[in-house]
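Each chain, written out:
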Amino acid sequence: MLFHPISIILLLLTFMVQEFIPGLEIAQFATLFLPAVFFFSASVAAPFSMMLLLAFITGFVWDARHLPGVMESLSGAEDVFGTGADVELGAGSHPLPFGLSIVLFGMLGTLLQGIRPLFKRGRLELPVLMVGLAIFVWLLAQYLIITFLRGSLQFPAGVWSKMITDSLLAMLAAPLIFLLLYSLARLSSYEIKYEGLRYRFDGR
């Protein structure tokens, strides 16, 4: 089956493209987190086991690239929330634990698995909204952990604005990724199956 390996290759390519996506200064440096958006979109199309694999790859590569402790030797490196947010979020002084992104992606990907029937029928309204919500929860969870490690809960207005604008950008990109996944599924003869949580008892 070609759908799954091609999805992994496309996911890895999104990390390369991410390096060339600038933040929008006029919108609190809003950033399109393309790998995360692709993962959440693919979570709606992939089976549970494949979603977990994608979550591991996405979280591992994301942490390896973006955590301050890992990339401190890179000149001009961005913080985990994107350009311009490092001062407000304080990520540089309190790096997130490595592997946290894997857990967050796995949990949110599991949530998105519940709307696979809508995606299979071509109803993208709720899936697009859920991708935006997943991006918001992902960013909020990281910020809460950072503030916990910092020892004080602070919620500057700029942080809220940035998380909202990041989520809106994700919702704008999600339909294009869904269209890409639809085309990939059709070309590779991949059928999106969903049986839900069903209890079977065969008497044995």
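Scoring rules and cut-offs
Residues numbered from 1 in each chain as written. Predicted model: local features only at pLDDT ≥ 70, side-chain atom pairs only at ≥ 80, totals over all residues. Heavy atoms only, no water. Helix = DSSP H or I, 4+ residues; strand = E, 2+ residues; numbered from the N terminus. Buried < 20%, exposed > 50% of the residue type's maximum accessible area, 1.4 Å probe, protein only. Contact = heavy atoms within 4.5 Å. Salt bridge = Lys/Arg side-chain N within 4 Å of Asp/Glu carboxyl O. pLDDT = per-residue confidence, 0-100. Expected span 1.5 Å × (residues − 1). Arc of directions from axis to C-beta. Phe/Tyr/Trp six-rings, centres within 6.5 Å; stacked < 30°, edge-to-face > 60°. Axes fitted to C-alpha atoms, helices over the stretch in contact; angles between N-to-C directions. Left-handed = near helix turned anticlockwise from the far one by under 90°. Nonpolar A, V, L, I, M, F, W, Y, C, P; charged D, E, K, R; others polar.

Student: Please clarify how the overall build of the protein should be interpreted in this entry.
Tutor: In terms of helices and strands, the protein carries nine helices and zero strands. Within the span of the protein, comprising 204 residues, buried residues form 47% of the whole. In the protein, of all internal contacts separated by at least 6 residues, the share reaching a separation of at least 24 is 77%.

Student: Explain the pattern of salt bridges here, please?
Tutor: Close approach of charged atoms lets side chains of opposite charge pair. Under the criterion given, the structure shown has two salt bridges. Among the salt bridges present, the one from glutamate 19 reaches arginine 65, with a minimum N-O distance of 3.0 Å. In this pair, glutamate 19 is assigned in the loop between helix H1 (3–18) and helix H2 (34–45) and arginine 65 in helix H3 (residues 48–66), connecting sequence segments 46 residues apart. Close ionic contact of lysine 162 with aspartate 166 constitutes a salt bridge, the shortest N to O distance being 2.7 Å. A residue pair is termed a helical-turn pair when its members lie 3 or 4 positions apart in one helix, as lysine 162 and aspartate 166 do in helix H9 (residues 157–187) at four residues. Using a relative accessible area of 5% as the deciding quantity, one classes lysine 162 as buried. A relative accessible area of 1% means that aspartate 166 is categorised as buried.

Student: It is not clear to me how unusual backbone geometry should be interpreted in this structure. Could you clarify?
Tutor: Negative phi characterises most residues that are not glycine, and trans characterises most peptide bonds. The residue serine 189 is not glycine, and still its phi comes out positive at about 55 degrees. Residue position: serine 189 is located in the segment after H9. Judged by relative accessible area, serine 189 falls into the exposed class, the value being 67%.

Student: Before we go on, may I ask you to explain the confidence of the model for the protein in this structure?
Tutor: Close inspection of predicted coordinates is inappropriate for parts of the model with low pLDDT. Per-residue pLDDT for the protein averages 78, and the proportion of residues at 70 or more is 78%. In the model, residues 195–204 has pLDDT below 50 throughout and makes one contact with residues more than four positions away in sequence or in other chains.

Student: Looking at this structure, I do not really get H1. What am I missing?
Tutor: In this model, H1 (16 residues) spans 22 Å end to end at C-alpha, consistent with the 22 Å of a helix rising 1.5 Å per residue. Regarding H1, the residues found buried are Phe3, His4, Ser7, Ile8, Leu11, Thr14, Phe15 and Gln18. All buried residues of H1 lie within an arc of 140 degrees about the axis, which places them on one face of the element. On the buried face of H1, the contacting elements are H2, H3 and H9.

Student: It is not clear to me how the packing of aromatic side chains should be interpreted in this structure. Could you clarify?
Tutor: One pair of aromatic rings is described through two measures. These are the centre distance and the angle between the planes. Throughout the structure, instances matching the rule amount to twelve aromatic pairs. Arranged with centres 6.5 Å apart and planes meeting at 55 degrees, the rings of phenylalanine 15 and tryptophan 62 form a pair that is tilted. Of this pair, phenylalanine 15 sits in helix H1 while tryptophan 62 is found in helix H3, placing the two residues 47 residues apart along the sequence. The structure contains a cluster of three or more aromatic residues connected by ring pairs, namely Phe15, Phe33, Phe39, Phe40, Trp62, Phe105 and Trp138.

Student: What am I meant to see in the packing of helix H8 (residues 125–150) against H9 here?
Tutor: It is at 8 Å that the axes of H8 and H9 come closest, and there the two elements cross at 145 degrees. Seen from above, H8 lies across H9 with right-handed handedness. Residues Pro127, Val128, Leu129, Val131, Gly132, Ile135, Phe136, Leu139, Leu140 and Tyr143 of H8 pack against Val159, Trp160, Met163, Ile164, Asp166, Ser167, Ala170, Met171, Ala174, Pro175 and Phe178 of H9. Looking at side-chain class alone, the contact of H8 with H9 contains 18 nonpolar, two polar and one charged residues.

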